[in-house]
Structure formats: structure tokens, C-alpha cells
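Close look at the chain arrangement
Residue strings, one per chain:
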Amino acid sequence: MATPNSEFADIQGLLWSGYGSLKQACFLLLRVTDAAAARAWLRDVSESVATVEQLRREHVGRAMQIALTADGMRALGVASTVIDGFSAEFISGMAGEEGRSRRLGDVAASAPSLWRWGGAQEPHILLMLYAEENLDAWHLQIEAGLGNGLAVLHRLPTTDMGGMEPFGFIDGVSQPRIDWSGERVPGTSADLEYGNLLTAGEFLLGHRNEYGRYTDRPLLDPAQPGAASLVVAEDDPARRDLGRNGSYLVMRELAQDVRGFWRFIAAQAVHDGDRIALAEAMVGRLMSGDALAPTRGQPIRGVGPNELDIARNQFTYDEDRDGLRCPFGAHIRRANPRTGDMPGGRQGLVTRLIRLLGLGHQDLSEDLIATSRFHRILRRGREFGDRIDRQVALRPDAPDPRGGLYFICLNANIARQFEFIQNAWLISAKFDGMSGEADPLLGNREPMPADHRTDGFSMPQPSGVTRRIDGLPAFITVRGGAYFFLPGLRALRYFAAG
Ligand code: HEM
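So, how was this worked out
Residues numbered from 1 in each chain as written. Predicted model: local features only at pLDDT ≥ 70, side-chain atom pairs only at ≥ 80, totals over all residues. Heavy atoms only, no water. Domains from an automatic or database assignment. Contact = heavy atoms within 4.5 Å. Buried area = accessible area lost by both parts, 1.4 Å probe. Donors = N, O, S within 2.8 Å, 3.2 Å for Na, K, Ca; no water. Helix = DSSP H or I, 4+ residues; strand = E, 2+ residues; numbered from the N terminus. Expected span 1.5 Å × (residues − 1). Buried < 20%, exposed > 50% of the residue type's maximum accessible area, 1.4 Å probe, protein only. Pairing = 2+ DSSP bridges. Core = buried A, V, L, I, M, F, W, Y, C linked by side-chain atoms within 4.5 Å. Near = heavy atom within 4 Å. Polar contact = N/O pair within 3.5 Å; in protein donor to acceptor, adjacent residues only side chain to side chain. Nonpolar A, V, L, I, M, F, W, Y, C, P; charged D, E, K, R; others polar.

Glancing now at the domain arrangement of the protein. Its domain assignment divides the protein into domain 1 (5–251 + 484–497) and domain 2 (252–291 + 324–480). Placing the centre of domain 1 and that of domain 2 at their C-alpha centroids yields a distance of 26 Å. Contacts between the two partners involve 74 residues from domain 1 and, on the opposite side, 68 residues from domain 2. Here domain 1 meets domain 2 over a buried area of about 6000 Å², counting both sides, of which 57% is carbon and sulfur.

Structure follows, in C-alpha cells:
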């Protein structure tokens, strides 16, 4: 079903765009100190939240977005019966259970007990500010207006690195496209092909997802206070939909050891060209953003018509089944295996069909080679800290730039999308038939149970002998994180009404 224009005014703009043209950004983590005062503030600012409607209609010079944690909803006075309608992982929080931390790889130096934020104490509200210019003045004005209802827990300023992440690679190249016009009909033979166009329900609650179903969310009796202002649930007309047009926002502060990354690489290869080639093999793209896997002639649903998008994203791993161009363990091949999760000959036709139609089991621990369309995320991250280039990073006296990525992604099902990608694909030591390795950028290098090493990286060679590097150090440390809900505007007003 197409998303009507009236809905665009209800959806926060982050679903439409990462605000790439607004180069300045700052994220504020807030705690509610007085529920009534905080709700009054929320009522006021909800009028200034940028929506998809606005982005489609006009040039926007600044934008504000607001998201809440489950703890934040509680602090605002939202009834627990309402909060219980959200997903279990959202309610429990990113750092809420030891088992979840283990599955996400948040152990050792990345353990929540060592985080700067989100570990011992969850933030309540995430306020995201984006501006073309004069962000500092606007930020000060916003803080002055918080009143006595909210306190700033942390300020997370960002750095414009010109579209690159701190290791020096172009970031934000591959994104799934939301089917706003409702042309996707999941579950047909078209799904036998890899596609990049996904139903709105993969990112927005209250809409049909790639299973043709609606993700669980709080549905309220119309007689409940405030419920009458919400829209009728599409799949349950007797109830009102608090989730409609909202998305789960995952945020993680990932510190990147840029010096460590380039120094380790320099120790493996003498010539600069070989060093760059090794770093590119680890990522799966050239530093300029082009894919290592060959692009193909046939179009892919949801890629293009922009030529740069076609040049960078019109590929699957069918043309690189042996991993000779893009190693199986490269970051982008793990993060979105496209068709690489369907290696020829490993499965019968029936198994393949079951997977492609999403009918396989949903057990996260076993579903390691699931079809990628059920595990996509919209990435909206921003960089922080200083940027140094690789030549500087290699100097013995190079400063520590203390840079990294505020990894931010949007999805409708945290367990099936973000957590699955992180656990089963990125940090799994058993991905795609390999062993002894995890994501070359993200792995924490801690051995898995049963003494599986995770610090290797292998690159198949045309000669048939795989080149393997061992002893990769951890290049990334998690410093904070939380699961938020980025509500639709009607839902935001519901939270503000109390
Ligand atoms: C500091 C940490 C990270 C760095 C430096 C990093 C870097 C990159 C780079 C350079 C790309 C290729 C360009 C692009 O398509 O945007 C990429 C793609 C991607 N990354 Fe990451 N990333 C990081 C963390 C993560 C995390 C935590 C996840 C998910 C849990 C993730 C998921 C993805 C996905 C889904 C893609 C696109 C793959 C595709 O569709 O081809 N990344 N990343």
C-alpha cells in the first residue's frame, strides 16, 4: 500500500534522509528530572520536529529529531501496559542483559560496565540537532530552553569528515530503499532475485513488512486516555496504533583506533599500494566507495537510476562466488551478503525457496545464512573526533585522533535486523563456512566458546591457496549505546500529553 502524503507529515525526516547536506550535527542525551515539565517541553518542541513531508516540500537548513528509550517513556509517566506493547529487546535495552551483551560482542574492553553512557544508566531522550550552519548557537538556545524538566546527561558533538569514516573510507554508499509508493508485493517469484527496494514495514511500525505482516507494537483501546488522537491500526481496526510511523533507532558510540588499524596493516605489507589493497579487502570496497565485487549488466530492483548508485551498488556476489574479488569475510559482504548467503550447490531448490520466502525458522542462533532482505538496516551514523590520514597515522609521533563513529541505524525489528546482522553475520566466527574469524573492522577478537579464535582474516586467491592473516587486534571499542524509539509525530504528542 502506498504511503499517502498525509502520513509523510507524521514521519520524522530521518527515515527519508540522513541530512547529509546539514554538515553540522550534535546529539544530546537527556534525563527526565520532572515528568510534567518534561512533557510540557516535549509538547513545545514536537512542533519543530522535521518531517518527511517538510523534506519533500522545501529546503531545510536545520532539523531536530527526537527519540525515547523505554526508561524515558517510564520517566514521562507512560503506563507500563502501553510500554509492554513494544518489543522485548527495546524494553530490556541494549545493555540490559548479559546474554544480549555477549551476543552483540559487548564484552572485554567493550563491556557496558566500561561505557561512557548507556551502561549503568540509560538516557531517557535522544535529541538530534542537524544544521547547515550556526549549530552551536542553536544548540545553546535549545539547552537553555530545557527548563527544569530535563537534564543533559551527555553531549555528543560530531565532525564532518567529508563523507568518510575515520579509517578513510567513503561511508553511506549502500542503503536499502523504502518502497514509499507500495509497489513491493513480498512473497512472489520476484524475491528469487536480490532486491534493494523493501516494504515500508521493514523500517516503520504499523506498515506491512517483508513477510507481508505487521510488526508487534502497542495498540491501544480508543477509550484509553490520549488514544483517540492516534490512527486506527491497519491490521486491527478496533484499536489505535501508537507505533504507526515510528522506527527503532539503534545508537552505538564506536571508538576507532585509526593508528592501530593502519599500523597493523603496514606490518603486513611494505608497499603503500599493497597496504591500501589489504584495507580495501577488509572493507570490501575501494577507499573511493566502489565495490570490489564486479558490477553486473542487469538492473537490481531499488538500485539507480542515479549513475553513481548503479556504478557502486548494481552487484551481487553471484559474480564472485569464490570470494576472489571481495573476500567472504569483508565487512560489507558480512553486513549484507546480498546473494552470497546462497552459495550454489549447498542447498536444494526447496531449501532455497523456503529461505527466500522467509518461511525458514527464525531462531537467531541457527539462521546464519538467512536471506538478506529480512536483515537490512537504514544507516544514519555520524563521525566524531579528529581525522588523520593514513600517512600521518603511520608516523611514530602521530597524535591519537580519538575519532570514531556514532553508529545509528533505523529498523522495525531490532532483533531480526540490527541484532541479527551484528551477531550472526558480523561477529560470528562461523559465517559463510569460515572459521576463526569475525568482522575484520568490528571483531572484538575475544575467543568464542569452545576456544574458537576470532582474530583471523582470509582472502581466497586465484591460485587456490587462501592468504590468511592472524592476530588482528581490535580496532573498535564500544563506548556507549542504547535502543531508542523514534516516534511518529502523533505518537510523540501522545507521549507529551501524559
Ligand atoms: C566503526 C565502525 C564501522 C565502520 C568503520 C564501518 C564502515 C563501513 C564502510 C566503509 C562501509 C562501505 C560503504 C557503505 O556502504 O556505506 C560500510 C557498509 C556497511 N556497514 Fe559498516 N561500519 C561500521 C560499523 C557497522 C555496524 C556496527 C554495522 C551493523 C551492525 C554496519 C553495517 C553496515 C552495512 C549494512 C553496510 C552496507 C553493506 C552493503 O549493503 O553492501 N557497519 N561500513
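More follows now that the structure is in view.
Take the coordination of the iron atom of the ligand next. Octahedral metal centres with six donors ideally show angles of 90 or 180 degrees, and tetrahedral centres with four donors ideally show 109.5 degrees. Of the protein atoms, H331 (NE2) alone serves as a donor to the iron atom of the ligand, at 2.1 Å. Relative to the helices and strands, H331 resides in helix α12 (residues 331–335).

Between the first and last C-alpha of helix α10 (residues 272–283) there are 17 Å, a value that for 12 residues agrees with the 16 Å anticipated at 1.5 Å per step. If you check which residues of α10 are buried, you get R275, I276, L278, A279, E280, A281, M282 and V283. Buried residues belonging to α10 abut α9 (258–268), α12, α14 (390–394), β14 (457–459) and β15 (467–469). G284, located one to two residues past α10, shows a positive phi value of around 100°.

This next bit is on the sheet that holds strand β8 (residues 232–233). The three strands lie next to each other as β7-β9-β8, forming an open sheet whose pairing is antiparallel. Sheet topology places β7 (219–220) and β8 at the edges, where each strand pairs with a single neighbour. As judged from the two bridges shared by β8 and strand β9 (residues 236–241), these two strands associate in the antiparallel manner. Counted as the bridge partner of V232 is R240 from β9.

With that settled, the discussion passes to the nonpolar core. In terms of nonpolar packing, the biggest core is built from 97 residues, with W41, I66 and F495 touching the most fellow members. When residues of this core are assigned to domains, at least three map to each of domain 1 (5–251 + 484–497) and domain 2 (252–291 + 324–480). Within the second largest apolar cluster, 36 residues are counted, among which are A50, L55, W180 and L486.

Further remarks concern α9. Each α-helix turn comprises 3.6 residues. Residues three or four places apart therefore point the same way. Along α9, the residues classified as buried are V258, G260, F261, W262, F264, I265 and A266. Check the buried side of α9 and you find it contacts β10 (247–256), α10, α14 and β15.

With that settled, consider the site of the ligand. G172, V173, S174, H331 and R338 are the nearest of the 26 residues found near the ligand. Take H331: an N or O atom from its side chain is 2.9 Å from a nitrogen atom of the ligand. In the model, an oxygen atom of the ligand is placed 2.9 Å from a nitrogen or oxygen of the N336 side chain. When its residues are assigned to classes, the shell around the ligand shows 15 nonpolar, six polar and five charged. Both domains that furnish three or more residues to the shell around the ligand are identified here as domain 1 (5–251 + 484–497) and domain 2 (252–291 + 324–480).

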